[in-house]
Amino acid sequence: MQSADTPITPLIAGNWKMNRLPSEAQAWLRDLLARLEADADRGSRSELLLCVPFTHLAGMSELAFGTPVGIGAQDVSRHEAGAYTGEVSAPMLADLGVRYVIVGHSERREYHAEDDATVNAKAQRALAHGLTPIVCVGERQAERDAGRAVEVVLGQLAGALEGLEPGSAERLVVAYEPVWAIGTGRTATADDAQEMCAAVRGALRERYPAFGARVRVLYGGSMKPSNAAELLAKPDVNGGLIGGASLEIDDLLAIERATA
Ligand code: 13P
């Protein structure tokens, strides 16, 4: 087991959302892998992950097997199996070699009416099948303006983590993504990101005294090469969940280099 002061390996996770065709994605990933291989002093400063649409998972997982790039999903069914047309289950993802899945992204909360109970059920299902859920939390602009950002985010976190077995929760990842910063070009200041990630960290330590200090807390929302270093330098920001910039190899690698 790691000690409380073992350094945390940052996680640089791309969220492709509903972008790129599966056929393009294969060539894109080959290019990325070639670039990583050519980068002799890359070392293992961070873990790289791409969360891609379901249609891309089989091909990309096969290509990424044994490489420094992990492949993750963007959603998972709360159900184990059965008559749920259109859904994809945690055991199906695990069977493809997928290790991570985003749950509770604000776009799922907003456009698919996912509430904290749904996010919790999905996180539980993912953990039960050996997947690592990346649990997304984040306040809207009006909630921040009303001074309720911390309360909203910690409420979402508590809802998502309700009843999780501490044993499996150890590999959890939390992503703080303020809704007003997603896809808008507006980024939280590094100090605002740190303040919220520290509040999340405090809640994790309280809930899981044995390992809460080591759970990775990511920032997401218009992270790009020009702001990544400042955000990633903050002590409670252990990586990024990156939308738009993760679609471009140069940008993704520049962000990854910012963890050095
Ligand atoms: P952008 O980086 O495009 O703002 O998206 C952030 C996000 O939603 C990642 O999950």
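In short, a report on the structure. (Residues numbered from 1 in each chain as written. Predicted model: local features only at pLDDT ≥ 70, side-chain atom pairs only at ≥ 80, totals over all residues. Heavy atoms only, no water.)

**Some words on the pattern of salt bridges**
Right, so step 1: Tallied over the full model, the rule gives 18 salt bridges.
Right, so step 2: We note a salt bridge from Glu248 to Arg20, for which the minimum N-O separation is 3.7 Å. Note that Glu248 is positioned in the loop between strand S8 (239-242) and helix H11 (249-257) and Arg20 in the loop between strand S1 (11-15) and helix H1 (22-38), a separation of 228 residues in sequence.
Right, so step 3: Under the relative-accessibility criterion, Arg20 is labelled partly exposed at 28%.
Right, so step 4: The salt bridge partner of Glu139 is Arg144, with a shortest N-O separation of 2.7 Å.
Right, so step 5: Overall, Arg144 belongs to the partly exposed group, its relative accessible area being 23%. (Salt bridge = Lys/Arg side-chain N within 4 Å of Asp/Glu carboxyl O. Helix = DSSP H or I, 4+ residues; strand = E, 2+ residues; numbered from the N terminus. Buried < 20%, exposed > 50% of the residue type's maximum accessible area, 1.4 Å probe, protein only.)

**Some details on the site of the ligand**
Right, so step 1: Near the ligand, the surroundings consist of Asn15, Lys17, His105, Glu177, Ala181, Ile182, Gly183, Gly221, Ser222, Leu241, Gly243 and Gly244.
Right, so step 2: At 2.9 Å from an oxygen atom of the ligand is found a side-chain nitrogen or oxygen belonging to Glu177.
Right, so step 3: Within the backbone of Gly244, one N or O atom sits 2.8 Å away from an oxygen atom of the ligand.
Right, so step 4: Taken by itself the ligand offers 310 Å² of open surface, and the protein chains cover 94% of this.
Right, so step 5: For the shell around the ligand, a count of residues per class yields three nonpolar, seven polar and two charged. (Near = heavy atom within 4 Å. Polar contact = N/O pair within 3.5 Å; in protein donor to acceptor, adjacent residues only side chain to side chain. Areas by Shrake-Rupley, 256 points an atom, 1.4 Å probe, with all protein chains shown as cover. Nonpolar A, V, L, I, M, F, W, Y, C, P; charged D, E, K, R; others polar.)

**Topic: the packing of H1 against helix H2 (residues 54-64)**
Right, so step 1: Look at H1 against H2: their axes get within 10 Å of each other, and the N-to-C directions meet at 25°. Regarding the angle of H1 to H2, the classification is roughly parallel. Seen from above, H1 lies across H2 with right-handed handedness. Mapping the contact onto sequence places Pro22, Ala25, Gln26, Leu29, Arg30 and Leu33 in H1 and Thr55, His56, Gly59, Met60, Leu63 and Ala64 in H2.
Right, so step 2: Each residue belonging to the contact of H1 with H2 can be placed in one class, and the counts come to seven nonpolar, four polar and one charged. (Axes fitted to C-alpha atoms, helices over the stretch in contact; angles between N-to-C directions. Parallel < 35°, antiparallel > 145°, perpendicular 65-115°, else oblique. Left-handed = near helix turned anticlockwise from the far one by under 90°. Contact = heavy atoms within 4.5 Å.)

**As for the nonpolar core**
Right, so step 1: Among the nonpolar cores identified, the biggest contains 67 residues, and Leu29, Leu32, Leu50, Val69, Ile71, Leu204 and Tyr219 are the most heavily contacted of them.
Right, so step 2: For Leu29, the residues in contact, after removing those within four places along its chain, are Leu50, Met60, Leu63, Ala64, Val69 and Ile71.
Right, so step 3: Ranked by size, the runner-up nonpolar core spans 12 residues in total, among them Leu11, Cys51, Tyr100 and Ile102. (Core = buried A, V, L, I, M, F, W, Y, C linked by side-chain atoms within 4.5 Å.)

**Quick word on the packing of helix H5 (residues 116-128) against helix H7 (residues 149-161)**
Right, so step 1: Put simply, H5 and H7 touch, their axes get as near as 7 Å, and they point 45° apart. Relative to H7, H5 is oriented oblique. Between H5 and H7 lies a crossing whose hand is right-handed. Contacts from Asp116, Val119, Asn120 and Ala123 of H5 reach H7 at Gly155, Gln156, Gly159, Ala160 and Leu161.
Right, so step 2: Within the contact of H5 with H7, the residues separate by chemical class into four nonpolar, four polar and one charged.

**Some words on the packing of aromatic side chains**
Right, so step 1: With the rule as written, the count across this model stands at three aromatic pairs.
Right, so step 2: Here the aromatic rings of Trp16 and Trp28 are separated by 4.9 Å at their centres, their planes lie at 85°, and the arrangement is edge-to-face. On the criterion of sequence distance, the pair formed by Trp16 in the loop between S1 and H1 and Trp28 in helix H1 is long-range, its members being 12 residues apart. When sorted by exposure, Trp16 lands in the same class as Trp28, which is buried. (Phe/Tyr/Trp six-rings, centres within 6.5 Å; stacked < 30°, edge-to-face > 60°.)

**Section: the sheet that holds S8**
Right, so step 1: With parallel pairing, the eight strands of this closed barrel are ordered in space as S1-S2-S3-S4-S5-S6-S7-S8. The average undirected angle you get between the axes of adjacent strands in this sheet is 25°.
Right, so step 2: With two bridges joining them, strand S7 (residues 216-220) and S8 adopt parallel strand pairing. Counted as the bridge partner of Gly220 is Leu241 from S8.
Right, so step 3: In the packing of H7 onto the sheet, contacts are made with strand S5 (132-137) and strand S6 (173-176), and the angle to S5 comes to roughly 150°. (Pairing = 2+ DSSP bridges.)

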